[in-house]
Amino acid sequence: MRMLKNLLQERQANPREKQSDFFDYVLEELGEEDTILTEEMAQDLMFKLLFVSFETTFLAITMTTKFLLENPLALKELTFMNETVRMANIAPGIFRKTLGEINFLGYTIPADWFVMVCPPAVHMNPAKYKDPLEFNPRRWEEMELTGASKHFMAFGCGMRFCLGTDFAKVQMAVFLHCLVTKYR
């Protein structure tokens, strides 16, 4: 955050003539008279974008290819998307702000603190998933899942899903269609 703050101040002091990246657009918005964006919000936004723009869809597609090679039966059925994103852990962390003081495992998290939920830890919980390190698309046949839950948060959690959820799923589906219909 310190690095982002320094970069923000440096770029404000020496603005570019032509916008070339997202940071330039954030700076432009900060300069607007009627903006609701603050420097703190801009830093937070840039920090979060570092996470969501790294290791997302390409990771799931790579892991899907790996799992297909190791599981020829899954290739025949193609019913493994949830299992792939469970194991690929598309987002390394999901940020949330505490609305009130929370006691968790003997620790007190004050109100208004930012916390990071770690989906990889949730998705590999042996209390929820039998043999969590094993790729098993059939585990989803016994579960009813219409969206995210506290045990499955591949694209977000609760009311706040990733805006790119459906786009990422379409990208993966198109890739898989081409892979299984055109390649052996």
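This is a predicted model, so every value here is computed, not measured. (Residues numbered from 1 in each chain as written. Predicted model: local features only at pLDDT ≥ 70, side-chain atom pairs only at ≥ 80, totals over all residues. Heavy atoms only, no water.)

**A word on the UniProt feature "binding site: heme" (unreviewed entry) in the protein**
1) Next: Cross-referencing UniProt, the feature "binding site: heme" (unreviewed entry) maps to Cys162 in the present numbering.
2) Next: For cysteine 162, the location among the structural elements is in the loop between strand S6 (160-161) and helix H8 (165-182).
3) Next: Relative accessible area serves as the criterion here: at 42%, cysteine 162 is assigned to the partly exposed category. (UniProt positions renumbered as here; feature names shortened; annotations may be inferred. Helix = DSSP H or I, 4+ residues; strand = E, 2+ residues; numbered from the N terminus. Buried < 20%, exposed > 50% of the residue type's maximum accessible area, 1.4 Å probe, protein only.)

**A short note on the packing of helix H1 (residues 2-13) against helix H2 (residues 22-31)**
1) Next: At a minimum axis distance of 11 Å, the contact between H1 and H2 shows a crossing angle of 70°. Taken together, H1 and H2 sit at an angle that is classed as roughly perpendicular. The two elements H1 and H2 meet at a crossing, and its hand is right-handed. Taken together, the residues of H2 that come into contact with H1 (itself represented by Leu4, Leu7, Leu8, Arg11 and Gln12) are Phe23, Asp24, Leu27 and Leu30. (Axes fitted to C-alpha atoms, helices over the stretch in contact; angles between N-to-C directions. Parallel < 35°, antiparallel > 145°, perpendicular 65-115°, else oblique. Left-handed = near helix turned anticlockwise from the far one by under 90°. Contact = heavy atoms within 4.5 Å.)

**A short note on the nonpolar core**
1) Next: Counting residues in each nonpolar core, the largest one holds 10 residues, listed as Ala60, Ile61, Val85, Tyr129, Trp140, Phe152, Ala154, Phe155, Ala168 and Met172.
2) Next: Core analysis: the second largest hydrophobic core is formed by nine residues, Leu8, Leu30, Leu37 and Ala42 among them. (Core = buried A, V, L, I, M, F, W, Y, C linked by side-chain atoms within 4.5 Å.)

**Comments concerning H8**
1) Next: A rise of 1.5 Å per residue sets the reference length of H8, with its 18 residues, at 26 Å; its end C-alpha atoms lie 26 Å apart and thus fit the reference within 8%.
2) Next: Burial in H8 covers these residues: Thr165, Ala168, Met172, Leu176 and Val180. With its buried residues spanning 85° around the axis, H8 presents them on a single face. Relative to its buried face, H8 has exposed residues pointing more than 90 degrees away, namely Asp166, Phe167 and Lys182. (Expected span 1.5 Å × (residues − 1). Arc of directions from axis to C-beta.)

**With respect to unusual backbone geometry**
1) Next: Of note in the backbone geometry, leucine 105 takes a positive phi value of approximately 50° without being a glycine.
2) Next: Structurally, the position occupied by leucine 105 is in the loop between strand S2 (102-104) and strand S3 (107-109).
3) Next: Here leucine 105 falls in the exposed class, since its relative accessible area comes to 70%.
4) Next: The backbone of aspartate 131 sits at a positive phi, close to 45°, despite the residue not being glycine.

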